[in-house]
Amino acid sequence: MLALLNHPDQLRMIRDDPDLINSTVNEILRYDGPVQFAVRTATQDVEIGGKQISAGQQILTLVAAGNRDPAVFSAPHTFDVRRDERSHLTFGYGIHYCLGAALAVMEGRIAFQSLLRRFPSIRLAAPPTRRNRVVLRGLKELWLEVR
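Criteria and thresholds
- Residues numbered from 1 in each chain as written.
- Predicted model: local features only at pLDDT ≥ 70, side-chain atom pairs only at ≥ 80, totals over all residues.
- Heavy atoms only, no water.
- Phe/Tyr/Trp six-rings, centres within 6.5 Å; stacked < 30°, edge-to-face > 60°.
- Helix = DSSP H or I, 4+ residues; strand = E, 2+ residues; numbered from the N terminus.
- Buried < 20%, exposed > 50% of the residue type's maximum accessible area, 1.4 Å probe, protein only.
- Contact = heavy atoms within 4.5 Å.

*Asks:* So what exactly am I meant to see when it comes to the packing of aromatic side chains here?
*Replies:* Two aromatic rings, taken as a pair, are described by how far apart their centres are and by the angle between their planes. Evaluated as defined, the whole model comprises 2 aromatic pairs. Each ring, one from Y31 and one from F79, has its centre 5.1 Å from the other, and the planes form 55 degrees; the classification is tilted. Separated by 48 residues along the polypeptide, Y31 in helix α3 (residues 21-31) and F79 in the loop between α4 (63-66) and α5 (101-118) bring together distant segments of the chain. Pair check on accessibility: Y31 and F79 agree, each one buried.

*Asks:* Whenever I open this one, the side chain of E27 confuses me. Can you help?
*Replies:* With respect to the helices and strands, E27 occurs in helix α3. On the basis of relative accessible area, E27 is assigned to the buried category, the value being 2%. Other than its neighbours up to four places away in sequence, E27 contacts T78, F79, D80, V81 and R83.

Take a look at the structure:
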């Protein structure tokens, strides 16, 4: 919700075209996802990007950076609810893909559809408060004024 409120043109777009809700949920997850990084352990020796990684070595994967990779996403720092690129890494990848991803996306879709249908006006009532977390970050409080 905060991303939409910070980009009123995008909020107006999904109010005008509710069919954009699926791409909106995926764009929110890509643009400002809760997972910033993950630690993995290499199971075998491998070279990635010219760097040698040894079996047993731990590596830090920067999920948030991957979600802003210009080689994957056009205008990666732009919040665009019409973006149809669903290859964000918010739910992981491969055998580490989140089992609850489909449920989370469905919940997001239902929540946004319900809020936008029920309240023709939504705005921030106070500055948001972020949680003091690095890995699973997010908002502690988001006070809204609705009508």
